[in-house]
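# Structure at a glance
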Amino acid sequence: MSAPGVLSFTQQGWEQVLTKVKRAVVYLDSACAESLHWGCGSTRLLEAVGGPEFHLREFESDAVGGGVKQPKAVFVLSCLLKGRTVETIRDIICRSHFQYCVVVTAVSHAVHLTANHVPAAAAAELEGQHPVFEQLEEKLCEWMGNMNYTAEVLHVPLLLAPAAPYLALTPAFASLFPLLPQDVHLLNSARPDKRRLGSLGEVDASTLTPKLLLQIRCLVSGLSSLCEHLGVREECFAVGSLSRIIAADLANYAPAKNRRKNATSRASVIFVDRTLDLTGAVGHHGDNLVEKIISVLPQLPGHTNDVMVNMVELTALQQEEENQNVVAPGCLAQSHDTAAKALWEALLNTKHKEAVMEVRRHLVEAASRENLPIKMSMGRVSPGQLTSYIQLFKNNLKALRNHCGLLQLGLATVQTLKHPQTAKWDNFLAFERLLLQSIGESSMSIVLSQLLPMIKPSTQRTNDDYNLEELLILLIYIYSVTGEFVVDKDLGDTEEKVKKALAQAFCEESELSPLLQKITGCDSSINLTSHKSKIAVDELFSTLRDIAGARSPMKQFKSVCVPGNHSHQAIYKPLLKQVVEEIFNPEKPDPVDIEHMSSGLTDLLKTGFSMFMKVILLSTRLLKPLNIPELLFATDRLHPDLGF
């Protein structure tokens, strides 16, 4: 096993699972499947299972049960063993012939006690005991139909999907998003008998809904397990309201007290609310190939951070649409291919031009090793040139097998470079630069009015025009990068014009995308009335204003835009970059917006940046991650360049 890190933490967890799966039918939920996908690959699990009659299956209510020749089942789940999850386990078992069931949960027993309303004092007395798991083991035997059958329930912290040595994602928490001011109303309505909250600044753990609080506790449990694996005593810091709650929960997490006493090292964990800066999440200024690959290629089903790569190019099939689903798609995660992993990490950490050249270099070297008749050409790398190198492997099964991972990344690059959306990238970038310049020179109403001519119904749009989802991306960009602004009559009038145009465009869409269905609450354009469209757009702009005001409580991190002057254009300066610069600048005073969350009296006496040791940076719902030489987690989508 390698030195402690995100990869070894994930692989160690999966090794525990693999010891249980021999000759079993294995059911995985999507988050655990994604952890496996990036951590050690499904091939490793299939090898551990063994036998053609044993299968991997998606954990869902209508999943196929086990037959007579399949007496063993292993359920690998990222969630609490409660409610609908337990009902689904029961339903699968009851239509099967299992005699041995193992349930693996990524959530610790301590959190299960919390979910079952066991008081903290009583939970402390149960340390080392697992009554919730033991009760479920009895139920498993009951559902299998014989109390003498074997059942096991255990906790394995399968929290992370390690995309790179210093970048890990938490797919089970893809839905965890920082609170917005409008959420205060929802919190108040859920606690009618208690003091009303006036703002997000008043929100703490005691005011959250039980569901959200449990979700946070599940995340904290996993992070505590990671800190135990790394052998560190964490100091918790926060930027933002939800991050403050998560950081405080981790700092005061009771099951971690003994672990912290025995830790040999220290680390600073910094949580950052993603809503404080959505500009980088939706912007196009990152000159990075991976960002473009993930933006334009179709998402791998069931995954939040990988894409489908069309592999038909390497077969004898014709490049026609009906053949696209005949061959299983490729992907970006290559956990077993050393050369492909090296290329992937290079793509994450280099700019677009250098990344494309790196793809060519790896393909040329692989072809040379296989003695393929490669024709070298220097100069600019084109999609056609890369395709010609990839085609060399087509009829050589041995070469295909040896370099399958590399060829998947090569094809992902080619398909991205040739994709129509990539050509549109420069249009986005030019418009965003214009917006940045306008923000420093013009009012918000003038900035917003530049978007108005771009809003067109589907019948009037060409391929070069922005569709509705792209317009929503630009709106988020405008409101997030602008930040807090004064609402005057001009802005009110301009917003109404934009809202009216958007509502009309929504109604005239021939087919609603999944995102538009979610926004409008209609599964079909036929059901979308003008009234429903207007309500949806009003709610949308209410959220946009909340996004614009997200940094208003900040003192240091008020802006993510550096204004231009006569010699320099205005530029976007990511909040996360500002946070890291603040941490590592020895000349600056103690940070105002980076809050240290105390776990006791000793911590209250600490001051200054001496508290920052090794930095572990986490962003709640980080849609696109940083590229820094430290350890980073994101709870959602990849984005390898935010200005570092």
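Residues numbered from 1 in each chain as written. Predicted model: local features only at pLDDT ≥ 70, side-chain atom pairs only at ≥ 80, totals over all residues. Heavy atoms only, no water.

With that settled, consider the side chain of Asp593. Following the sequence through the fold, Asp593 ends up in the loop between helix H25 (575–584) and strand S12 (595–597). Lys555 provides the closest opposite charge to the buried, unpaired Asp593, separated from it by 5.4 Å. From its side chain, Asp593 meets the backbone nitrogen of Gln556 in a polar contact 2.5 Å long. Among the polar contacts listed, one links the side chain of Asp593 to the backbone nitrogen of Phe557, at a separation of 3.0 Å. Look past the residues within four positions of Asp593 in its chain and what remains in contact with it is Ala238, Val239, Met554, Lys555, Gln556 and Phe557. (Helix = DSSP H or I, 4+ residues; strand = E, 2+ residues; numbered from the N terminus. Buried < 20%, exposed > 50% of the residue type's maximum accessible area, 1.4 Å probe, protein only. Lys, Arg positive; Asp, Glu negative; His and termini not counted. Salt bridge = Lys/Arg side-chain N within 4 Å of Asp/Glu carboxyl O. Polar contact = N/O pair within 3.5 Å; in protein donor to acceptor, adjacent residues only side chain to side chain. Contact = heavy atoms within 4.5 Å.)

Moving on to the domain arrangement of the chain. Taken domain by domain, the chain comprises domain 1 (6–158), domain 2 (162–177 + 184–277 + 619–634), domain 3 (278–286 + 420–573) and domain 4 (298–418). A straight line from the C-alpha centre of domain 1 to that of domain 4 covers 36 Å. Residue-level contacts link ten residues of domain 1 with 13 residues of domain 4. With both chains or domains summed, domain 1 and domain 4 bury close to 830 Å², and 58% of this area falls on carbon and sulfur atoms. Put simply, domain 1 and domain 4 have zero salt bridges between them. Considering each element in turn, the side of domain 1 that touches domain 4 owes the most residues, six residues, to helix H2 (residues 30–39). Taken together, the residues of the side of domain 1 that touches domain 4 break down into four nonpolar, four polar and two charged. (Domains from an automatic or database assignment. Buried area = accessible area lost by both parts, 1.4 Å probe. Nonpolar A, V, L, I, M, F, W, Y, C, P; charged D, E, K, R; others polar.)

This brings us to helix H18 (residues 404–418). Its 15 residues give H18 an end-to-end C-alpha distance of 21 Å, which sits within 8% of 21 Å, the value for a rise of 1.5 Å per residue. Of all 15 residues in H18, twelve are buried, a share of seventy percent or more. Within H18, burial applies to Gly405, Leu406, Leu407, Gln408, Leu409, Gly410, Leu411, Ala412, Thr413, Val414, Gln415 and Thr416. (Expected span 1.5 Å × (residues − 1).)

Overall, parallel pairing links the five strands, which are arranged S2-S1-S3-S4-S5 in an open sheet. The strands lining the two open edges of the sheet, one partner per strand, are strand S2 (56–58) and strand S5 (150–155). On average, adjacent strands in this sheet sit at an angle of 15 degrees to one another, irrespective of strand direction. Inspection of the sheet shows strand S3 (residues 72–77) paired to strand S4 (residues 100–105) by six bridges, in the parallel sense. Paired with Phe75 across the bridge in S4 is Val103. Sheet strands in contact with helix H4 (residues 84–94) are strand S1 (25–28), S3 and S4, and its direction is about 160 degrees off that of S3. (Pairing = 2+ DSSP bridges. Axes fitted to C-alpha atoms, helices over the stretch in contact; angles between N-to-C directions.)

On to the nonpolar core. Judged by nonpolar contacts, the single largest core of 55 residues is most densely connected at Val239, Leu451, Leu475, Ile478, Tyr479, Leu502 and Phe541. Going through the elements one at a time, strand S8 (232–239), strand S9 (265–273), helix H19 (420–441), helix H20 (444–449), helix H21 (468–482), helix H22 (489–507), helix H24 (530–548) and H25 are the ones with two or more residues in this core. When we break this core down by domain, the ones giving at least three residues each are domain 2 (162–177 + 184–277 + 619–634) and domain 3 (278–286 + 420–573). Those residues in contact with Leu451 that lie beyond four places of it in its chain are Phe431, Leu471, Leu474, Leu475 and Ile478. Counting 44 residues, the second largest nonpolar core, distinct from the first, contains Ala164, Leu169, Val290 and Leu386. (Core = buried A, V, L, I, M, F, W, Y, C linked by side-chain atoms within 4.5 Å.)

Model confidence for the chain is summarised by a mean pLDDT of 87, while 91% of its residues fall at 70 or above. The low-confidence segment residues 601–610, where pLDDT is below 50, has 18 contacts with residues more than four positions distant or belonging to other chains. (pLDDT = per-residue confidence, 0-100.)

Turning to the environment of Asp593, a few remarks are in order. Owing to a relative accessible area of 5%, Asp593 belongs among the buried residues under this scheme. Residues Asp593 and Cys40, spaced 553 residues apart in sequence, show a C-alpha to C-alpha distance of 38 Å. Among the polar contacts made by the side chain of Asp593, one reaches the main-chain amide nitrogen of Lys555 at a distance of 3.0 Å.

So, about the pattern of salt bridges. Enumeration according to the criterion identifies 24 salt bridges in this entry. Close ionic contact of Arg233 with Glu235 constitutes a salt bridge, the shortest N to O distance being 2.9 Å. One salt bridge connects Lys424 with Glu470, and the closest N-O pair in it is separated by 2.8 Å. With Lys424 in helix H19 and Glu470 in helix H21, the pair connects residues that are 46 residues apart, well separated along the chain. Among the charged side chains, a network of salt bridges with common partners joins Glu496, Lys499, Lys534 and Asp538.

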